Amino acid sequence: MGTPSVQEIFEAQGRRRWAIAQTGAKDRIAKLKRLREALVARQREFYDAVWQDFHKSEFEAWECEIFPAIEEIDCAIKNLKKWMKDKPAKRELVLPTTKSVSHFEPKGRVLIFAPWNYPLLLLVSPIVSAIAAGNVIMAKPSHKTPRVGAFLKSLFESIFESDEIAIVEGAGAEIGDILLSLPFDHVFFTGSPRVGAHVEECAAKVHAGVTLELGGKSPTILLPDLAQGLRASGIANECAANNTRLSDKCAVGTSRTDAAQTHHACVKEIRTSSTLKTSRDAECGFRTSRDAECGFRTSRALKTAAKRIAWGKMLNAGQTCIAPDYVLCPRELVNDFAEACAVEIKRMYGETESARQECADLVHIIDERAIMRHTALIADAIAKGATAVIGGRICDDRTELELGETANRSNTTSTNCAGSNENQAKSNEIRAKSSENRNESNGNRAEPVLNRAEAPTILANVTSDMEIMQSEIFGPILPIVAYDSLDEAISFVQNRPKPLALYIFGKARRDIKRVLTQTTSGSTCVNNTIIQIENLSVPFGGVGNSGTGNYHGFYGFKAFSHERNVMKQGFFDAVSLFHAPYNKKRLTQFMQKALKFIKRF
């Protein structure tokens, strides 16, 4: 017997759906436990597959895919009985003898599209929610990660019959439209806003519900107080130096009175020249050498911000829907912040460009088309005046040019390489060595891995007219846009499509509140990046251009359920007092007047 067609699987699931819908928490939990056991037992197969597809290291694959998938399963197993219970509702005044509940029932036949960037997590996670809700499922992994897709198909076929859960492989546009033509009850899609609009249009034709997990340009705002902290550091340094001179003077026999007068004169001079506005900040570091640390503590906040932003951006080589897409930075901090990010990139992936190319921890870009797109974005930005602080590789006809670190290339207008044969030979040597190192660090896997490493890049002096600011980057490139006031930064975000994530770095509570109340996004994290997605007790999803609906934990169970209003009538029907004929019942008229009096209208 051959492999059943999509239509045959759909019809078979239609016949099975009511039996699956009537399963209780015990049966669904048993299914989730079987999935968990299989995933844990076969995780090595996944590590091999995702390495071959786009060089994702074993630890990052565990950290970003296996571990959160197991967490999602465990959350459902622990809480499913509670989720499935009917939720009682309050009685209404005119319905005193009724009882209402919210009853969660499966939506029925559901379709799940998973993307390639986190190919296991973003397929398994919604499947877990759909199983918990009692649905039959057809799921399609991305064709861009064929080895992971084959693994997932094998995994689910070993646990479930195809009339309950079926994994369908194939090219996105080809098989996707066939699936979307079928009258599913709900469609769950993770991907780009452009394709998401097409999915929503097709779903509307069959009146299917949709959950769209999209993306967009997620901004990061550095608050002005980080700049104040940097100024405080300079003042603290100066005061520490003056305190040292004061100690030296006392040590050679100067009277303590004279020394104190000298010290106060120094403090007065620095306070006069200081640009700090608050007396508390101005006093920081003036009294003792210990207080000199106050300024350094604030300057470290900028380094911490750079560390967390660089990590969030370079995780999975920037191919994350909630990665920081660009940074809005106070103009006076642009250079310091860019350099701090460059330091973090070197710390994570290597001091030199060649070392970063060889780094086993650097995830590769999914395909050559994406690399060429990133190349064009960098070339356009540099031609229009941007500065490549680190990285900034430009490719032309598959040759490479290293733009150089911390060098201003604003006058570079050509992407052609001088001595292209020599450059290409060097590039090929680096790529070959990179593959050897990666294969050694990942268990000497026999199959050669195509090298699609892309240089992590920080771009300063970026402006809104550059192509890199027009669409989601989805790569290891971080543009830094300068602003002169927080109002300008907020306006910049307000005038663009609603992002999936927004990040804020700073300590000023008033400014944090201003950003939160004057912007909107699917999620927000203050003083870190990415980690807001980890909490399964709150919903995750987009808004507007970045998505429709949400999931994770209970919210995933809810996304794949229909919340049904169930009311039971008691012994006395109060509404019968309002039946026709209306004008012949004195009691009806009396009840109308009484209700108007109670409701004040």
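What counts as what
Note on numbering: residues in each chain are counted from 1, in written sequence order. Where local features are concerned, this predicted model is filtered to residues with pLDDT of at least 70; where side-chain atom pairs are given and counted, the filter is 80 or more; whole-chain, interface and lining totals use all residues. By convention in this description, side-chain values take in all heavy atoms of the structure and omit both hydrogens and water. Strand pairing is assigned whenever DSSP detects at least two bridges linking the two strands. Secondary structure follows DSSP: runs of H or I at least 4 residues long count as helices, runs of E at least 2 residues long count as strands, and numbering of each begins at the N terminus. Each axis is a line fitted through C-alpha atoms, taken for helices only over the stretch in contact, and angles between the N-to-C directions span 0 to 180 degrees. The contact rule is simple, with two residues in contact once any of their heavy atoms fall within 4.5 Å. Accessibility here uses a 1.4 Å probe with only protein chains present; expressed as a share of the type maximum, an area under 20% marks a residue as buried, one over 50% as exposed, and anything in between as partly exposed. Any carboxyl oxygen of Asp or Glu within 4 Å of a side-chain nitrogen of Lys or Arg constitutes a salt bridge here. Remark: nonpolar core denotes a set of buried residues (Ala, Val, Leu, Ile, Met, Phe, Trp, Tyr, Cys) joined through side-chain atoms within 4.5 Å. The span one expects for a helix is its residue count, reduced by one, times 1.5 Å. Directions from the helix axis toward the C-beta atoms define the arc. Our angle categories are set so that under 35 degrees counts as roughly parallel, over 145 as roughly antiparallel, 65 to 115 as roughly perpendicular, and the remainder as oblique. Lys, Arg, Asp and Glu make up the charged group, whereas Ala, Val, Leu, Ile, Met, Phe, Trp, Tyr, Cys and Pro make up the nonpolar group; the residues left over, Gly among them, are polar. Crossing handedness is read from the near helix: turned anticlockwise from the far helix by less than a right angle, it gives a left-handed crossing, and turned clockwise, a right-handed one.

*Asks:* I would appreciate a short explanation of the sheet that holds strand β14 (residues 477–483) in the present structure.
*Replies:* The strands making up a sheet associate through hydrogen bonds between their backbones, and the pairing can be parallel or antiparallel. In spatial order, the strands read β10-β13-β14-β9-β8-β15-β16; together these seven strands make up an open sheet with mixed pairing. Both outer strands of the open sheet, β10 (387–390) and β16 (523–526), are each paired with one neighbouring strand and no more. Going across the sheet, the axis of each strand differs from the next one's by a mean of 25°, ignoring polarity. Bridge count for β10 against strand β13 (residues 457–460) is three bridges, and the pairing is antiparallel. Bridge pairing links A388 to L459 in β13. Across the sheet, helix α18 (residues 509–518) is in contact with β8 (219–222), β15 (501–505) and β16; its angle to β15 comes to roughly 165°.

*Asks:* Sorry if this is basic, but what is going on with the side chain of N117 here?
*Replies:* If you trace the backbone, N117 turns up in the loop between β3 (109–113) and α5 (121–133). The class for N117 is buried, based on a relative accessible area of 4%.

*Asks:* Before we go on, may I ask you to explain the pattern of salt bridges in this structure?
*Replies:* Should their charged atoms come close, side chains of opposite charge can pair. On inspection of all chains with the given rule, the structure shows 19 salt bridges. The partner of E157 in a salt bridge is K153, and the shortest N-O contact between them spans 3.2 Å. Of the two residues, E157 and K153 are both situated in helix α6 (residues 146–157); the distance of four residues between them amounts to about one turn of the helix. When its relative accessible area of 24% is taken as the criterion, K153 is described as partly exposed. D484 is paired through a salt bridge with R331; the nearest N and O atoms lie 2.7 Å apart. Taken together, the positions of D484 in the loop between β14 and α17 (486–494) and R331 in the loop between β9 (326–330) and α13 (334–349) put the pair 153 residues apart, joining distant regions of the chain.

*Asks:* What's the story with the nonpolar core in this structure? I'm lost.
*Replies:* Generally speaking, a soluble globular protein has its nonpolar side chains buried in company with each other. Within the largest apolar cluster, 101 residues are counted, with the highest numbers of intra-cluster contacts made by I127, F156, L222, F337 and I458. The element contributing the most residues to this core is helix α4 (residues 58–84), with eleven residues. Not counting chain neighbours up to four residues away, the residues in contact with I127 comprise I112, I137, A139, F156, I165 and I167.

*Asks:* When you look at α6 in this model, what are you seeing that I'm missing?
*Replies:* Since the α-helix packs 3.6 residues into each turn, any two residues three or four apart lie on the same face. Here α6 spans 16 Å end to end across twelve residues, near enough to the 16 Å set by a 1.5 Å rise per residue. Along α6, the residues classified as buried are V148, G149, F151, L152, L155 and F156. Buried residues of α6, viewed axially, fall in a sector of 160°; they line one side. Against the buried residues of α6 lie α2 (25–41), α3 (43–54), α5 and β5 (165–167).

*Asks:* Just to check I follow, could you spell out the pairing of strand β2 (residues 98–106) for this structure?
*Replies:* Two faces belong to every sheet, and in a regular strand the side chains alternate between them. One ladder, built from two bridges, connects strand β1 (residues 87–88) with β2; its direction is antiparallel. Pairing of K87 across the sheet is with S102, part of β2. When β2 meets strand β20 (residues 561–569), the two strands line up antiparallel, connected through nine bridges. When the sheet's bridge partners are listed, F104 is paired in β20 with E563.

*Asks:* Quick question: what am I supposed to make of the sheet that holds strand β4 (residues 136–140) here?
*Replies:* Strand order in the open sheet formed by six strands is β5-β4-β3-β6-β7-β18, and the pairing between neighbours is mixed. In the strand order of this sheet, the two ends are held by β5 and β18 (547–548), each with one partner. Taken together, the five bridges between β3 and β4 define a ladder with parallel strand orientation. Following the sheet pairing, F113 is matched in β4 by K140. With respect to the sheet, helix α7 (residues 172–180) is in contact with β3, β4 and β6 (186–190), its orientation differing from that of β3 by roughly 160°.

*Asks:* Explanation requested: the environment of E169 in the structure shown.
*Replies:* Looking at where E169 falls in the secondary structure, it is placed in the loop between β5 and α7. Of the residues examined, E169 reaches a relative accessible area of 38% and is grouped as partly exposed. Sequence separation between E169 and G149 is 20 residues, and the spatial gap between their C-alpha atoms is 7.0 Å.

*Asks:* Could you clarify how one ought to interpret unusual backbone geometry in this entry?
*Replies:* Note on backbone geometry: most residues besides glycine have negative phi, and most peptide bonds are trans. In this structure, P581 follows A580 across a cis peptide bond, with omega equal to 0°. Mapped onto the secondary structure, P581 falls in the loop between β20 and α20 (586–599). Its identity as a non-glycine residue notwithstanding, H207 has a phi of 60°, on the positive side. Among the secondary structure elements, H207 is positioned in the loop between α8 (193–205) and β7 (209–213). Of note, N527 is a non-glycine position whose phi angle comes to about 65°, a positive value. Locating N527 in the fold gives a position in the loop between β16 and β17 (540–541). Judged by relative accessible area, which is 18%, N527 ranks as buried.

*Asks:* What am I meant to see in the packing of α2 against α4 here?
*Replies:* For any two helices packed against each other, the geometry is given by the interaxial angle and the distance between the axes. At their nearest, the axes of α2 and α4 sit 10 Å apart, and the two run at 170° to each other. With respect to α4, the axis of α2 lies roughly antiparallel. Contacts from A25, R28, I29, L32, K33, L35, R36, L39 and V40 of α2 reach α4 at I66, A69, I70, I73, D74, A76, I77, L80, K81 and M84. In terms of residue class, the contact of α2 with α4 is built from 14 nonpolar, no polar and five charged.

*Asks:* Even after reading the chapter, I still don't get the packing of α17 against α18, so can you show me in this structure?
*Replies:* Two elements in contact, α17 and α18, have axes whose closest approach is 10 Å; the angle formed by their N-to-C orientations is 25°. The pairing of α17 with α18 is recorded here as roughly parallel in orientation. Considering the relative orientation of α17 and α18, their crossing is right-handed. Contact residues: α17 offers L486, D487, I490 and Q494, while α18 offers D511, R514, V515 and Q518. Class assignment for the residues of the contact of α17 with α18 results in three nonpolar, two polar and three charged.

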